[in-house]
Amino acid sequence: MITLHNVSKRYGKSQDFAVKNLSLEIKDGEIFGFLGPNGAGKSTTIKMITGILLPTQGTIEVNGISLQQRPTEAKNLIGFVPDNHELYDTLKGIEYLNFIGAMYGVDSATLKSRVEEYASAFAIKDALPNLISTYSHGMKQKLCVVAALIHSPKVWILDEPLTGLDPQSAYVLKQLMRKHADQGNTVFFSSHVIDVVEKVCDRIAIINKGELVAVDTLDNIRADQNVSLESIFLTMTASPAATGEIS
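Residues numbered from 1 in each chain as written. Predicted model: local features only at pLDDT ≥ 70, side-chain atom pairs only at ≥ 80, totals over all residues. Heavy atoms only, no water.

Enquirer: Help me get a handle on the environment of L212, residues and values and all.
Expert: Tracing the sequence through the fold places L212 in strand β10 (residues 211–216). In this structure L212 comes out as partly exposed when scored by relative accessible area, which is 27%. Separated by 172 residues in the primary sequence, L212 and A40 have C-alpha atoms spaced 9.6 Å apart. (Helix = DSSP H or I, 4+ residues; strand = E, 2+ residues; numbered from the N terminus. Buried < 20%, exposed > 50% of the residue type's maximum accessible area, 1.4 Å probe, protein only.)

Enquirer: Please provide a residue-by-residue account of a nonpolar patch on the surface, values included.
Expert: A surface patch of nonpolar side chains, about 320 Å² in accessible area, is lined by Y88, F99 and M103. The topology assignment puts F99 in helix α3 (residues 93–103). What makes F99 partly exposed here is its relative accessible area of 37%. (Patch = residues over 30% accessible without salt bridge, like charges linked within 9 Å, V, L, I, M, F, W, Y side chains within 5 Å. Areas by Shrake-Rupley, 256 points an atom, 1.4 Å probe, with all protein chains shown as cover. Salt bridge = Lys/Arg side-chain N within 4 Å of Asp/Glu carboxyl O.)

Enquirer: Which residues make up the packing of aromatic side chains, and what values go with them?
Expert: Taken as a whole and judged by the stated rule, the model has 4 aromatic pairs. Pairing Y88 with Y96 gives two aromatic rings, centres 6.2 Å apart and planes at 55°, and the pair type is tilted. The exposure class assigned to Y88 is partly exposed, which follows from its relative accessible area of 46%. A relative accessible area of 8% means that Y96 is categorised as buried. Taken together, F32, F34 and F188 form an aromatic cluster joined through their ring pairs. Its end group placed over the ring of Y11, K9 keeps NZ or CZ at 5.6 Å from the ring centre. (Phe/Tyr/Trp six-rings, centres within 6.5 Å; stacked < 30°, edge-to-face > 60°. Lys NZ or Arg CZ within 6 Å of the ring centre and 35° of its normal.)

Enquirer: Can you tell me about the confidence of the model for the chain, naming the residues and giving the values?
Expert: Averaged over every residue, the pLDDT of the chain is 88; the share at 70 or more is 93%. Ignoring residues within four places in sequence, the model shows residues 241–247, a span with pLDDT below 50, making 2 contacts including any to other chains. (pLDDT = per-residue confidence, 0-100. Contact = heavy atoms within 4.5 Å.)

Enquirer: Can you break down helix α6 (residues 167–182) residue by residue, with the values?
Expert: Over its 16 residues, α6 extends 23 Å from the first C-alpha to the last, a length consistent with the 22 Å expected when each residue adds 1.5 Å. Turning to α6, its buried residues are S169, A170, V172, L173, L176, M177, H180 and A181. All buried residues of α6 project into a common sector of 165° when viewed along the axis, lining one side. Facing away from the buried side of α6 by more than 90 degrees, the exposed set consists of P167, Q168 and D182. For α6, the secondary structure elements touched by its buried residues are β3 (31–35), α4 (108–121), α5 (137–149), β7 (155–159), β8 (186–190) and α7 (194–200). Two to three positions downstream of the cap, the backbone nitrogen of Q168 sits 3.2 Å from a side-chain oxygen, assigning the N-cap of α6 to D166. Positioned one or two residues after α6, G184 has a phi angle of 95°, which is positive. (Expected span 1.5 Å × (residues − 1). Arc of directions from axis to C-beta. Polar contact = N/O pair within 3.5 Å; in protein donor to acceptor, adjacent residues only side chain to side chain.)

Enquirer: Explain the pattern of salt bridges to me, using residue names and the numbers behind them.
Expert: For the coordinates displayed, the defined rule picks out 7 salt bridges. Residue K140 is joined to D89 by a salt bridge in which the shortest nitrogen-to-oxygen separation is 3.7 Å. In this pair, K140 sits in helix α5 while D89 sits in the loop between β6 (78–81) and α3, placing the two residues 51 residues apart along the sequence. K140 gets classed as buried once you look at its relative accessible area, which sits at 16%. Taking the relative accessible area as the measure of exposure, D89 reaches 35% and is therefore partly exposed. Of the charged contacts in the structure, one is a salt bridge between D202 and R178, with a shortest N-O distance of 3.1 Å. One end of the pair, D202, is in the loop between α7 and β9 (203–208); the other, R178, is in helix α6, and 24 residues separate them in sequence. Exposure remark for D202: the relative accessible area of 30% places this residue in the partly exposed category.

Enquirer: Describe the nonpolar core, with residues and values.
Expert: Within the largest apolar cluster, 51 residues are counted, with the highest numbers of intra-cluster contacts made by L97, L143, W156, L173, F189 and I204. It is α5 that contributes the most residues to this core, 7 residues altogether. Other than its neighbours up to four places away in sequence, L173 contacts F122, V145, W156, L158, P161, L162 and L165. Core analysis: the next-biggest nonpolar cluster, separate from the first, contains 25 residues, V7, M48, A74 and F188 among them. (Core = buried A, V, L, I, M, F, W, Y, C linked by side-chain atoms within 4.5 Å.)

Enquirer: Quick rundown of the side chain of E160? Include the residues and the values.
Expert: With respect to the helices and strands, E160 occurs in the loop between β7 and α6. Although buried, E160 forms no salt bridge, and the nearest oppositely charged side chain, K42, lies 5.4 Å from it. Those residues in contact with E160, other than ones at most four positions away along the chain, are D83, Q141, S190, S191 and H192. (Lys, Arg positive; Asp, Glu negative; His and termini not counted.)

Here is the structure:
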């Protein structure tokens, strides 16, 4: 479970909020979709949830553990797939996974088993002995996903995880997300691929200009209207210029 209570973020001396008074509860056992246009505050929110950034105000808890007061304990519960590849190109793929496993205290037998399982699922097992610098964009993305899973995190946070994945790997990832949630874990999924969010997520939040404009199941957000999530998203996040209005 992830809980945000009145979370806001300002950068430097700016008086403008990148995120303002954000309160959310992402439950165990659900895939939670997080949508918003560029600059809406999605990445800032994710960086605060993962402890990369500290909020200007408000509190964040991961499974009841305060991210501000007990950051190491909270971060140990998180597996994070970022929207850019934060990898060590001078390491081999297997060296990187062994490093991540050791950092999270995964015993060698369990680590070997999980690397075998996930690397095979994403078809990168044969590439693990090679330097990461030789990997394609898609292979690096797969390695990030495997690294985020090998410590069996209670909370899985994915920021644009489908970027660069081939259709088979995208299918595997969506299946793993569902399995992870069905096992009582939390999946927080941010993506611009709205049709995927519509198909796989149990609940959805839409953020615009740093503030929540909707959070609910898709059916409730639709309010019995037979429209797509894409249409709802475009309506809720439309600028005056896009709607033809003049401010």
